[in-house]
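Structural description and commentary
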Amino acid sequence: MICHCPDQIRAAADTYTTRTKENKDMQNEDRSEQRSRFSRFINNDNTVGYIFAAPFIIGFFAFTLVPMIMSFYYSLTDYKITAAPVWAGLKNYIALVQDSHFLNSMLVTVQYVIIGVPLKLVFALLIAMLLTHAKKLQGFYRAVYYIPSLIGGSVAVALVWKQLFSSEGPIVKLIQSMGVERFSFFGNAHFAFLPLVIGNAWQFGSSMLIFAAGLKQISTDYYEAAMIDGASAVKRFFSITLPILSPIILFNLVMQLISGFMTFTSAFVITKGGPNEATNYVSLFIYNNAFQYHRMGYACAISWVLLLIIALVTLIIFKTSNNWVFYESEQ
Amino acid sequence: MKTKRLISDIIYHAFIIGLGFLMIYPVLWMVFGSFKNNVEILQHTERLLPTVWRWENFPKGWAGFGGTSFSVFFKNSIIISLIATAGTVVSGTLVAYALARVPFKGRQLWFNIMILTMLLPGQVIMIPQYLIFRKMGLVGTIVPLTLTKFFGVPFFIYMTMQFIKGLPRELDEAAMIDGCSRYSIFSRIILPLLGPSVITMIVIQFYWVWDDFMGPLLYLNRPKTYTVSYAIKLFADATSTTDYGPMFAMSTLSLVPVFTIFLIFNRYLMDGVTAGSVKG
Amino acid sequence: MKKKVLATLLSAGMVCSALAGCGGSAGSTSTETAASTEAPAAEEAPAANDLAGTTIRFAWWGSQPRHEATTKVVEQFMAETGINVEYEFYDFNGYFTQLDTLAAADDVWDVFQMGNNWAQYHEIIEPLNPYMESGAIDTTDISPAIVQVTQDYDGQQMGLSLGTNCRCLVYNPALFEQAGVAEPTDSWTWDDFKTASEQIIANTDAQYGMDKIEYMDIMTAACAQMGEGYNFFAMDGSDFAFKDDLSGITKMFDIFGGMMKDGSIADPGVQNEITDEQADYICTGKSAMLMIPSNKFVALSEACAANGVTLKLALLPKLTSSSQSGMLVRSSQMVSMAKSSKNKEAAAMLIDYLVNNISANEILNGERGVPANAKVLSALAAKSDEITAQMYEFVNKVGSIPDTKNTTNAEPAAQAEVKATIQTYFERYYAGDFSTAADAAAAFYEEAKQVFANYEG
């Protein structure tokens with residue numbers, strides 16, 4: 001159905017041009033010049049771009065820019081929320097480079113990102129692919145796999161998650177039956193992050209949906225052609241699926257990195273940052289400073305350092321993406 | 001050959017169903033928790049099914065707080081989620097088109113700014129943003145939760161950009177040669193092809209808005225305007241006693257609208273069911 | 001097919017905009033109905049009240065029963081006085097986030113519930129002293145000691161208690177009997193506590209002597225027990241008050257850290273796994289003791305009753321059998337007035353009503369703790385069940401211990417961060433970062449001093 005599209009457009013476009021030609025002949029020169037000046041202006045790429053981008057630009061100036069500037073200003077002050085901010089210069093920034101709690105929180109966050117993000121993405125892509133095979137039951141299966149992503153950071157999840165990984169829970173029992181004594185996830189600083197990472201991967205639904213939508217965009221023609229050529233499933237995956245899906249992979253990667261660096265809810269409701277600050281992720285550290293300890297200025301300073309770090313990582317990914325992301329439109 | 005096919009089918013389905021059960025177990029636990037009391041929920045976490053089905057948790061939870069029932073909270077949530085989702089879709093497709101396809105001056109700059117706005121943690125933006133909305137006199141209304149979405153949600157703008165970039169450029173080029181303006185290219189060519197992206201946006205954003213409780217917490221300050229996501233939090237309190245059964249019951253009911261939205265749109269994301277797959 | 005998708009979307013969009021319209025009008029009608037239901041109440045109100053018609057805002061945090069009861073009381077107050085109260089209620093974390101946001105906007109609710117963390121909010125709280133002197137808020141039936149627990153060190157009344165409680169040790173007497181260990185007495189020591197735990201684990205099915213440590217409680221108690229003039233925090237909240245003598249703190253690292261290491265107290269992981277008192281191991285007889293604020297005794301007893309476990313209340317153990325108790329009666333939650341309030345007289349009326357009105361407190365039913373007002377208390381006590389009466393009696397007993405006046409009630413602004421620091425050092429001690437309890441105590445003190453310094457100025 002869509003294959004005919006260009007033809008239809010061409011036909012429509014043809015009638016459009018002929019009609020304008022006729023119109024032009026009938027009108028006097030002044031008006032047409034005026035109109036074409038307007039039309040040139042309105043069809044100018046800059047005009048078009050700003051018209052379409054206007055919602056974001058307006059919203060940015062109205063709701064986002066000022067809070068960002070204010071948070072930067074707060075980062076240069078002592079601000080305990082209940083009283084007006086007091087100028088402090090670079091004090092907060094100097095304090096944070098010496099703060100072992102901050103350094104620890106950055107370290108555990110990076111660990112979380114390095115392990116958690118690929119895990120979630122691979123899982124989401126795998127399930128999205130797997131589910132493209134079951135023709136009839138696909139909808140049902142996808143629903144089942146998507147449901148966990150609908151219960152978010154609710155109290156119920158926190159309870160059952162704690163139970164699953166608790167010292168009385170099935171997973172620890174299994175590990176103990178393999179001969180490891182006194183094993184605990186939440187009591188051991190080396191393993192406490194695992195339930196959180198797994199929990200994060202478990203809620204992979206939105207990444208999966210985005211992958212699924214991307215997979216749907218891949219023309220079946222490619223696969224048919226590859227099948228005729230006798231390409232194996234693995235080869236088809238690497239030579240067709242991955243390249244065409246690469247813009248979506250890039251998107252999911254960048255977004256999961258950002259949300260990984262800002263991971264908060266699960267640590268907040270399940271581990272509260274413990275034990276021994278092993279899950280005291282930087283967002284939780286920021287929250288505690290801002291709202292528990294009322295050191296908003298310090299919290300803002302950490303946030304801006306975090307922003308710089310994520311921006312740097314994102315920049316590196318964007319720069320290298322030229323080598324592995326394939327845009328159909330830029331063929 | 002046929003039996004081999006059958007065996008691999010069985011393995012495939014058994015694997016999907018087995019993994020699916022593991023995935024969904026915590027959800028089932030919550031759903032069945034709706035029929036339990038505190039002792040069963042807290043002291044017998046290993047049990048999935050309730051021993052006695054306590055249906056009374058539902059009316060008890062539904063009654064809400066101080067005379068405001070969950071019918072009010074559900075109504076509020078649905079209104080907010082629908083408007084916010086509509087806003088996200090409209091602005092998301094428009095802005096994404098500009099950033100992905102129109103070579104205007106400053107395009108790269110605006111893209112960078114958009115990414116940058118996602119990098120500051122919400123915890124430090126919250127208070128300044130609240131102060132602005134308060135200046136505008138919008139605290140206590142649903143405007144901060146809905147209208148702002150018409151100005152674009154960076155996550156979805158970027159997502160849609162990637163989908164647009166995946167569309168063959170020959171489509172626009174052909175139309176351009178034929179004299180189509182960028183406006184008609186957007187409405188006649190790009191938009192119709194963005195089906196999967198728009199549907200993904202609807203499903204995900206509806207849920208995100210539905211689930212968000214920080215926004216409602218800050219901006220809605222009369223119990224009659226609270227949303228479901230926030231009302232559920234009101235059951236639990238560390239300084240007093242929490243009744244978990246009704247809380248789980250309402251959490252379970254809260255899944256219904258988001259799951260319905262998913263079911264409605266999911267079929268459009270399936271291969272082979274719709275005839276709408278893009279062919280280059 | 002494609003068109004159909006688009007059509008669906010478009011119609012969805014139209015529905016949305018239609019609903020947007022509805023949303024607006026629905027919002028306004030609900031305000032109208034709210035206003036119209038309130039109007040007759042205002043008319044019925046006594047004409048003498050010249051505050052009738054003013055509007056104040058009131059907020060609290062809690063769970064369903066509290067929201068239910070407090071809302072009823074507010075409605076009753078509106079009907080009786082004609083003052084219009086816009087009330088909001090939240091969960092604990094949400095409440096304080098919202099309070100912070102309002103504080104930043106200088107627009108705090110006129111009347112609001114407050115915890116013992118009021119030092120962090122000192123700047124936004126209006127002292128109640130003038131209203132108490134003028135009689136707008138009546139404190140004649142509240143004992144001076146209880147009025148004092150919600151004062152700062154300079155005597156400024158930061159609020160009035162909606163309920164009092166005290167730290168307490170609850171224990172399962174059946175497990176003590178089974179192990180052949182004597183039940184806790186008023187002169188019980190921390191060492192007795194440790195021995196009892198070990199014997200109970202050895203001789204019964206119980207897994208732990210105690211499964212959760214209340215770090216702040218044991219620290220404040222142990223330091224106060226060091227003698228008159230010693231405390232964890234100074235009375236005025238300006239500093240620590242154990243005079244660089246780490247013996248009390250070291251003892252706590254030794255007892256609790258050591259018990260965690262040898263397994264008679266649950267490890268940090270298990271402690272973290274317990275989300276709710278009702279899920280505590282004590283409820284199933286797998287743990288013998290627990291420290292709770294007394295107002296949770298009733299709910300905990302109910303959760304235990306499901307498994308046939310009954311509980312008893314005891315004072316916290318002491319450093320030596322003759323040391324001070326280290327106990328005190330404190331406010332569990334109080335009600336405060338905002339400095340930014342524009343209707344302070346009406347706000348004072350609501351505070352007075354919440355604290356002193358008997359019918360209001362019959363609805364609230366002591367859920368926030370033992371009522372501060374003696375007349376209210378006796379009215380409630382007359383109707384209370386056995387377990388509640390036990391709790392009232394216990395708080396009364398603690399109140400009558402003379403040395404409680406030496407125990408600090410101050411929770412300075414640094415409190416939250418100091419508390420997190422204590423827990424971290426216990427977890428580090430458990431993980432083996434320090435070879436002795438004294439090392440852990442010294443390292444903790446080093447950092448805690450730094451934390452305190454950050455809050456000065």
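All values reported here derive from a predicted model rather than from experimental measurement. (Residues numbered from 1 in each chain as written. Chains lettered and ligands numbered in written order. Predicted model: local features only at pLDDT ≥ 70, side-chain atom pairs only at ≥ 80, totals over all residues.)

Tallying secondary structure elements over chain B gives 14 helices and zero strands in all. The order of helices and strands in chain B, counted from the N terminus, is α-α-α-α-α-α-α-α-α-α-α-α-α-α. Its C-alpha radius of gyration of 23 Å places chain B more than 25% over the 19 Å reference for a compact globule of 280 residues. Principal-axis analysis of the C-alpha atoms places the extent of chain B at approximately 75 × 70 × 30 Å. Within chain B, the proportion of its 280 residues that are buried is 55%. (Helix = DSSP H or I, 4+ residues; strand = E, 2+ residues; numbered from the N terminus. Rg over C-alpha atoms; globule rule 2.2 N^0.38 Å. Buried ≥ 20, exposed ≤ 12 C-beta atoms within 10 Å, placed from the backbone.)

On to the interface of chain A and chain C. The figure often quoted for interface size is the accessible area lost as the parts come together. Facing the 23 residues of chain A at the interface are 23 residues of chain C. Those elements that provide at least two residues to the side of chain A that touches chain C are α7 (155–165) and α14 (282–292) of chain A. The residue inventory of the side of chain A that touches chain C, partitioned by class, reads nine nonpolar, eleven polar and three charged. (Contact = placed C-beta atoms within 7 Å. Nonpolar A, V, L, I, M, F, W, Y, C, P; charged D, E, K, R; others polar.)

Attention now moves to the environment of F77(C). Residue and element names in this part refer to chain C. Relative to the helices and strands, F77 resides in helix α2 (residues 64–81). Between the alpha carbons of F77 and D280 there is a distance of 38 Å; along the sequence they are 203 residues apart. Beyond its immediate stretch of four places on either side in the chain, F77 contacts V85, L350 and Y353.

This part is about the sheet that holds strand β6 (residues 167–171) of chain C. Strands pair in a sheet through their backbones, by hydrogen bonds, and they do so in one of two ways: parallel or antiparallel. All names here are of chain C. Strand order in the open sheet made by the four strands is β7-β10-β6-β11, with mixed pairing throughout. Either end of the sheet is taken by a strand with one partner, and the two such strands are β7 (208–210) and β11 (312–314). Taking the axes of each pair of neighbouring strands and ignoring which way they run, one obtains an average angle of 30° across the sheet. (Pairing = 2+ DSSP bridges. Axes fitted to C-alpha atoms, helices over the stretch in contact; angles between N-to-C directions.)

This part takes up the interface of chain B and chain A. At the junction of the two partners, chain B supplies 89 residues and chain A supplies 88 residues. Of the residues belonging to the side of chain B that touches chain A, the class tally is 59 nonpolar, 20 polar and ten charged.

Moving on: the packing of helix α11 (residues 297–305) of chain C against helix α15 (residues 386–399) of chain C. All names here are of chain C. It is the contact of α11 with α15, at a shortest axis distance of 9 Å, that shows an interaxial angle of 140°. In terms of orientation, α11 and α15 fall into the oblique class. Our pair here, α11 against α15, has a crossing hand that is right-handed. Here α11 contributes F297, V298 and S301 to the contact with α15, which in turn contributes I387, T388 and M391. Of the residues that constitute the contact of α11 with α15, the class distribution is four nonpolar, two polar and no charged. (Parallel < 35°, antiparallel > 145°, perpendicular 65-115°, else oblique. Left-handed = near helix turned anticlockwise from the far one by under 90°.)

Another point: the nonpolar core. Side chains of nonpolar character tend, in soluble globular proteins, to be buried together. In this structure, V170(C), L350(C) and I351(C) are the most contacted members of the largest nonpolar core, which totals 308 residues. With 17 residues, the top contributor of residues to this core is helix α4 (residues 70–101) of chain B. In this structure, L350(C) is in contact with I56(C), F58(C), F77(C), V85(C) and V111(C), ignoring residues within four places of it in sequence. (Core = buried A, V, L, I, M, F, W, Y, C linked by C-beta atoms within 7 Å.)

As a further point, take the confidence of the model for chain B. All names here are of chain B. Per-residue confidence for chain B averages 88 on the pLDDT scale, and 96% of its residues sit at or above 70. Within chain B, α4 carries the highest mean pLDDT (96), whereas helix α2 (residues 38–43) carries the lowest (82). Contacts from residues 272–280, a stretch scored under 50 in pLDDT, to residues over four places away or in other chains number 24 contacts. (pLDDT = per-residue confidence, 0-100.)

Time to look at the domain arrangement of chain B. Once the domains are mapped, chain B shows domain 1 (2–60) and domain 2 (68–234). Of note, the centres of domain 1 of chain B and domain 2 of chain B, computed from C-alpha atoms alone, are 34 Å apart. (Domains from an automatic or database assignment.)

Counting buried residues in strand β2 (residues 84–90) of chain C gives five out of seven residues, a clear majority hidden from the surface. The parallel pair strand β1 (residues 55–61) of chain C and β2(C) is bridged by α2(C), and the resulting crossover is right-handed. (Right-handed = clockwise from strand over helix to strand, strands pointing away.)

So, on to the environment of V86(A). All names here are of chain A. Among the secondary structure elements, V86 is positioned in strand β2 (residues 86–87). C-beta crowding within 10 Å serves as the criterion here: with 11 such atoms nearby, V86 is assigned to the exposed category. Taking the C-alpha atoms as reference, V86 lies 29 Å from F261; in sequence the two are 175 residues apart. Ignoring any residue separated from it by four or fewer positions in sequence, one finds V86 in contact with T77 and D78.

Looking at the secondary structure, you find L120(B) in the loop between α5 (107–117) and α6 (122–135). For the pair L120(B) and G140(B), spaced 20 residues apart in sequence, the C-alpha to C-alpha distance is 25 Å. Leave out the neighbours within four places in its chain, and L120(B) touches M68(A), S71(A), S303(A), L307(A) and I125(B).

All names here are of chain C. Between helix α7 (residues 190–203) and helix α9 (residues 247–262), whose axes approach to 11 Å, the crossing angle comes to 5°. In terms of axis orientation, α7 runs roughly parallel to α9. Contacts between α7 and α9 involve W190, K194 and S197 on the former and, on the latter, K251, I255 and M259. For the contact of α7 with α9, a count of residues per class yields three nonpolar, one polar and two charged.

With that settled, consider unusual backbone geometry. Residues and elements named next belong to chain A. Residue I81 is not a glycine yet carries a positive backbone phi of 70°. Its location among the elements puts I81 in the loop between β1 (77–78) and β2. Looking at I81, the number of C-beta atoms within 10 Å reads 25, which means it is buried. One non-glycine residue, H294, lies in the positive phi region at around 55°. Position of H294 among the secondary structure elements: in the loop between α14 and α15 (296–324). Classification of H294 as buried rests on a count of 25 C-beta atoms within 10 Å.

Time to look at the domain arrangement of chain C. All names here are of chain C. Segmenting chain C into domains produces domain 1 (43–143 + 333–391) and domain 2 (167–327 + 414–455). Distance between the C-alpha centres of domain 1 and domain 2: 33 Å. Listed by partner, the interface residues are eight residues for domain 1 and nine residues for domain 2. Classifying every residue of the side of domain 1 that touches domain 2 by side-chain character gives three nonpolar, four polar and one charged.

Compared with an ideal rise of 1.5 Å per residue, which puts 23 residues at 33 Å, helix α14 (residues 244–266) of chain B spans 32 Å between its outermost C-alpha atoms and is within 8% of the ideal. Bending of α14(B) peaks at approximately 25° at the position of P257(B). (Expected span 1.5 Å × (residues − 1). Bend = angle between axes of the 7 residues up to and from the residue.)

This part takes up the pairing of β6(C). Residues and elements named next belong to chain C. Among the five residues that make up β6, five are buried, leaving the element largely enclosed by the rest of the structure. Side chains R167, L169 and Y171 of β6 all project onto a buried face; the interleaved residues C168 and V170 project onto the opposite face, where all are buried too. In this structure, β6 lies alongside strand β10 (residues 287–293), joined through five bridges in antiparallel fashion. Considered in β10, the bridge of C168 is made with I292. Alignment of β6 against β11, held across three bridges, turns out to be antiparallel. Within β11, the residue paired with Y171 across the bridge is K312.

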